[in-house]
Amino acid sequence: MARTTVASFAIDRVAMLGSDGQMRGAAPAFAADPAELITLYRAMVLTRSFDAKAVAMQRTGRLGTYASVLGQEAVGIGAVAAMRPEDILVPSFREHGAQLWRGVTLEELFLYWGGDERGSNFAGPRDDFPVAIPVASHTPHAVGAALAVKLRGEDRAVVCIMGDGATSKGDFYESLNLAGVWSVPAVFLVNNNQWAISVPRSAQSAAETLAQKAVAVGIDGVQVDGNDVIAVRQVMAEALARARAEGRPTLVEAVTYRLGDHTTADDARRYRDDAEVSPHWEKEPVARLRTYLRGLGAWSRADEEKLLEDCRAQVDAAADAFLATPPQPPETIFDHIYAELPADLAAQRAAAMEGSDDG
Amino acid sequence: MAEITLVEAVRLALARAMEEDESVLVLGEDVGVDGGVFRATDGLIRRFGPDRVRDTPLAEAVIAGVSVGLAVQGFRPVAEIQFMGFIYPTMDQMVNHAARFRNRTRGRLTCPMVLRAPYGGGIHAPEHHSESNEAMFAHMPGLRVVIPSSPARAYGLMLAAVRDPDPVVFLEPKRIYRAIKEEVADDGSEQPLDTCFVLREGTDVTLVTWGAMSVETLAAAEALAETEISAEVIDVATLKPLDMATILASVEKTGRCVIVHEAALTGGFGGEIAARLAEHGLMSLLAPVQRVTGHDIVMPLPRLEDQYMPGTDRVVAAARRAVEFA
Ligand SMILES: Cc1ncc(C[n+]2csc(CCOP(=O)(O)OP(=O)(O)O)c2C)c(N)n1
Ligand SMILES: [Mg+2]
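Our subject in this report is the structure included herewith. Because the structure is predicted, anything quoted here is derived from the model rather than measured.

**A few points about the overall build of chain A**
And step 1. The secondary structure content of chain A amounts to 12 helices and eight strands.
And step 2. Against the globule reference of 21 Å for 359 residues, chain A gives a C-alpha radius of gyration of 22 Å, in line with a compact fold.
And step 3. A buried classification covers 54% of the 359 residues belonging to chain A.
And step 4. With the model as given, the accessible surface of chain A reaches about 14,900 Å², and the carbon-plus-sulfur share is 51%.

This is the structure we're talking about:
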């Protein structure tokens, strides 16, 4: 018998800013400028502010079921901060921070989570995809969009964000595999928040890391501290550079923690206790960047107070605008099913508007 | 003008569509060098190159899903699913995504793609190769479901499907892929995706069908004519959206209707047509609507496959029942 090793792999984990707010090793070039870091910080605080408002509005019956991104802000924001405006984001349903950074407005987010399709008709990033609710089902779209820009010879890349639960699905694997075979400029980012509703990461896969799922399909895989917005941005910037220059896709696993319930319809106390959750508050991304900025002397208590005030005002104004927006006229439920209303459907529309069933 | 088969007409239309619009792509398993297992894409890779005629890995969900991404990004992908029994993993993409992008983004993003598959039984193919699942897709808002019944129809409807701004499920009756030849002008003219076609005019009974069953249904009309029963034959062609006006007008004239399809009875698309006749044509009906369909059984393996397929005799008998109903 001859037994030789024909393949082997290693997965790197990248971490820079520790939970103590201290930088380990050299910071990446962009982080040398405190203004850059403050921009990231502001985006995370705005996201948290939106998040708190959305949860409160749901609790008082003014918003639909909502998925909080509390504690995971660095994943989405770090990722899209590495994107260019002309790139394309294909997000999951939890990446409000990423969407805001990309130019989706607070009001549009409220509209969407308030149950109004117009919330997905972004005025800003026209080519960004709307959130995907069926888990992992959007991963193939990222491959398609990336192939589209590649075929047109455009210098653009696509970022797709999904959860740890998504990595168990076949379409996730099929997408990574196809992205590898067709070498398209796509980066897949797993927000590994350790939970898929009540199912912990350990019950999702026997694989040691989720990043190593890249290995089986021959693309790059890397793990990053998902509570470190600097590291996430840097790892994503490197992945995007490879995607653009060489058409080499990457799977990035950002390890973070879901501090809130799965959604407002969930009660996480049914399946995990405070003893598990509390230590993760020590590692959350906003406080650690604030500590770092303070250490640099770039962020004062007054700056903080003003930022919180600004965010609250922005979020409140957007919420008010959403609440003041009347629903779309009833007949519009028929008007975007096909480019042109087929005769068959026109009859149903007319009957429905008459209040009869005589379609 | 050459006489060509239905599968050749599909290929001719695809080539025409690719010629006239650079954004049209063909993708699927073995569609490239092999030209597709039924040769529907034969030669396209030589003509249009591997960027536009793409072999995919063996993965149906991503074939549909990557097409959604391409379509949303401005391409017009035509994806092939090799056999109907393997189309189920695409349902998620077609129903949850392709059919919904326009509506959920209020028109910001759209999904002009075609999902095509050889469909139906009658060629003694292996297990899972002979299904008729059109009703599954026809049930889904936002999709068009199109089934050609002849080479000319396949050419015109395929061109329309590729040019349509919304997703189209295009099911090709493989039993008649090569059974019928007819002259098809490669003139780029399309046929409408919202119209039923009258294949034969008649006055005593309306036979409504689609796809390969048009062969048995036309033969039944011929047989009925020998016994002085004049049957009108309608090819539905586009199941969704349904052109009920043509069917109602015919039944108004004949007073009797037989619906013929290869798919199983329960939940079959014939039920939808019968329901609409009951709603809008009851006073025209002189007899109960008859349905001639596949049985509610798992598609038998080839040795018993013919027991499943509705034959001309069943159509003739149903038409007689309708005509003789007092
Ligand atoms: C295909 C599919 N199955 C089930 C659900 C219901 N569901 C919504 S979110 C969720 C868990 C997702 O976990 P993960 O991928 O880790 O993302 P997270 O919610 O943690 O962001 C489930 C089971 C769904 N939306 N889609
Ligand atoms: Mg998760």
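Now that the structure is up, let's keep going.
**Focus: the packing of aromatic side chains**
We describe a pair of aromatic rings using the distance from one ring centre to the other and the angle between the two ring planes.
And step 1. Under the definition given, this model contains 12 aromatic pairs over all chains.
And step 2. Taken together, a centroid distance of 5.7 Å and an interplanar angle of 85° make the contact between A:Phe129 and B:Phe101 edge-to-face. You can see A:Phe129 sitting in the loop between helix 4 (106-113) and helix 5 (139-151) and its partner B:Phe101 sitting in helix 5 (residues 101-104), one on each of two chains. You'll find A:Phe129 and B:Phe101 in the same group, each marked buried.
And step 3. Taken together, the ring pairs in this structure connect A:Phe50, A:Tyr66, A:Phe110, A:Tyr112, A:Trp113 and A:Phe322 into an aromatic cluster.
And step 4. The positively charged end of B:Arg153 is found above the aromatic ring belonging to B:Phe197, 3.7 Å away from the centroid.

**Comments concerning the packing of helix 3 (residues 60-72) of chain B against helix 4 (residues 91-98) of chain B**
Residues and elements named next belong to chain B.
And step 1. One way to put it is that helix 3 packs onto helix 4 with a least axis distance of 8 Å and a crossing angle of 25°. One element, helix 3, and the other, helix 4, form an angle in the roughly parallel class. Here helix 3 contributes Ala 61, Ala 64, Gly 65 and Val 68 to the contact with helix 4, which in turn contributes Gln 93, Met 94, His 97 and Ala 98.
And step 2. For the contact of helix 3 with helix 4, the residue count by class is five nonpolar, three polar and no charged.

**Quick notes on the coordination of the magnesium ion (ligand 2)**
Residue and element names in this part refer to chain A.
And step 1. Protein ligation of the magnesium ion (ligand 2) involves Asp 164 (OD), Asn 193 (OD1) and Trp 195 (O), the donor distances falling in the range 2.0 to 2.1 Å.
And step 2. Sequence positions of the donors to the magnesium ion (ligand 2) reduce to the motif D-x28-N-x1-W. A single burial state applies to Asn 193 and to Trp 195, both of which are buried.

**Thoughts on the site of ligand 1**
Residues and elements named next belong to chain A.
And step 1. Every one of the 15 residues lining ligand 1 counts as a neighbour, but Arg 94, Asp 164, Gly 165, Asn 193 and Trp 195 are closest to it.
And step 2. Between ligand 1 and Ile 133 there is a distance of 2.9 Å, counted from a nitrogen atom to a backbone nitrogen or oxygen.
And step 3. Within the side chain of Asn 193, a nitrogen or oxygen atom sits 2.9 Å from an oxygen atom of ligand 1.
And step 4. Here ligand 1 loses 70% of its free accessible area of 570 Å² to cover by the protein chains.
And step 5. Counted by class, the shell around ligand 1 contains eight nonpolar, four polar and three charged residues.

**Here's the deal with the sheet that holds strand 14 (residues 290-294) of chain B**
Residues and elements named next belong to chain B.
And step 1. The strand order across the open sheet built from five strands is 9-11-10-13-14, with neighbouring strands paired in mixed fashion. Two strands bound the open sheet, and with one partner strand each, they are strand 9 (197-200) and strand 14. Across this sheet, the average inter-strand angle for adjacent strands is 25°, counted without regard to direction.
And step 2. Examined bridge by bridge, strand 10 (residues 205-209) and strand 11 (residues 231-235) share five bridges and lie parallel to one another. For Thr 206, the partnering residue across the bridge sits in strand 11 and is Glu 232.

**Focus on the interface of chain A and chain B**
And step 1. Contacts between chain A and chain B engage 49 residues on the former and 44 residues on the latter.
And step 2. Three residues, A:Trp182, A:His336 and A:Tyr338, lead the burial of chain A against chain B; their summed loss comes to 18% of the area buried on that side.
And step 3. The tally of links between chain A and chain B comes to two salt bridges.
And step 4. Inspection of the region where chain A meets chain B yields 18 residue pairs in polar contact (both at pLDDT 80 or more).
And step 5. If you list the elements that add at least two residues to the side of chain A that touches chain B, you get helix 5, helix 6 (170-182) and helix 12 (343-354) of chain A.
And step 6. Examining the composition of the side of chain A that touches chain B, we find that nine residues originate from one element, helix 5 of chain A, more than from any other.
And step 7. Partitioned by chemical class, the residues of the side of chain A that touches chain B number 24 nonpolar, 13 polar and 12 charged.

**Points about the side chain of A:Thr47**
Residue and element names in this part refer to chain A.
And step 1. With respect to the secondary-structure elements, Thr 47 resides in helix 1 (residues 34-59).
And step 2. When its relative accessible area of 1% is taken as the criterion, Thr 47 is described as buried.
And step 3. Once you skip the residues sitting within four places of it in the chain, Thr 47 turns out to touch Val 69, Glu 73, Ile 77, Gly 97 and Leu 100.

Rules used throughout
Residues numbered from 1 in each chain as written. Chains lettered and ligands numbered in written order. Predicted model: local features only at pLDDT ≥ 70, side-chain atom pairs only at ≥ 80, totals over all residues. Heavy atoms only, no water. Helix = DSSP H or I, 4+ residues; strand = E, 2+ residues; numbered from the N terminus. Rg over C-alpha atoms; globule rule 2.2 N^0.38 Å. Buried < 20%, exposed > 50% of the residue type's maximum accessible area, 1.4 Å probe, protein only. Areas by Shrake-Rupley, 256 points an atom, 1.4 Å probe, with all protein chains shown as cover. Phe/Tyr/Trp six-rings, centres within 6.5 Å; stacked < 30°, edge-to-face > 60°. Lys NZ or Arg CZ within 6 Å of the ring centre and 35° of its normal. Axes fitted to C-alpha atoms, helices over the stretch in contact; angles between N-to-C directions. Parallel < 35°, antiparallel > 145°, perpendicular 65-115°, else oblique. Contact = heavy atoms within 4.5 Å. Nonpolar A, V, L, I, M, F, W, Y, C, P; charged D, E, K, R; others polar. Donors = N, O, S within 2.8 Å, 3.2 Å for Na, K, Ca; no water. Near = heavy atom within 4 Å. Polar contact = N/O pair within 3.5 Å; in protein donor to acceptor, adjacent residues only side chain to side chain. Pairing = 2+ DSSP bridges. Buried area = accessible area lost by both parts, 1.4 Å probe. Salt bridge = Lys/Arg side-chain N within 4 Å of Asp/Glu carboxyl O.

Interpretation in functional terms is not warranted from these geometric data alone.
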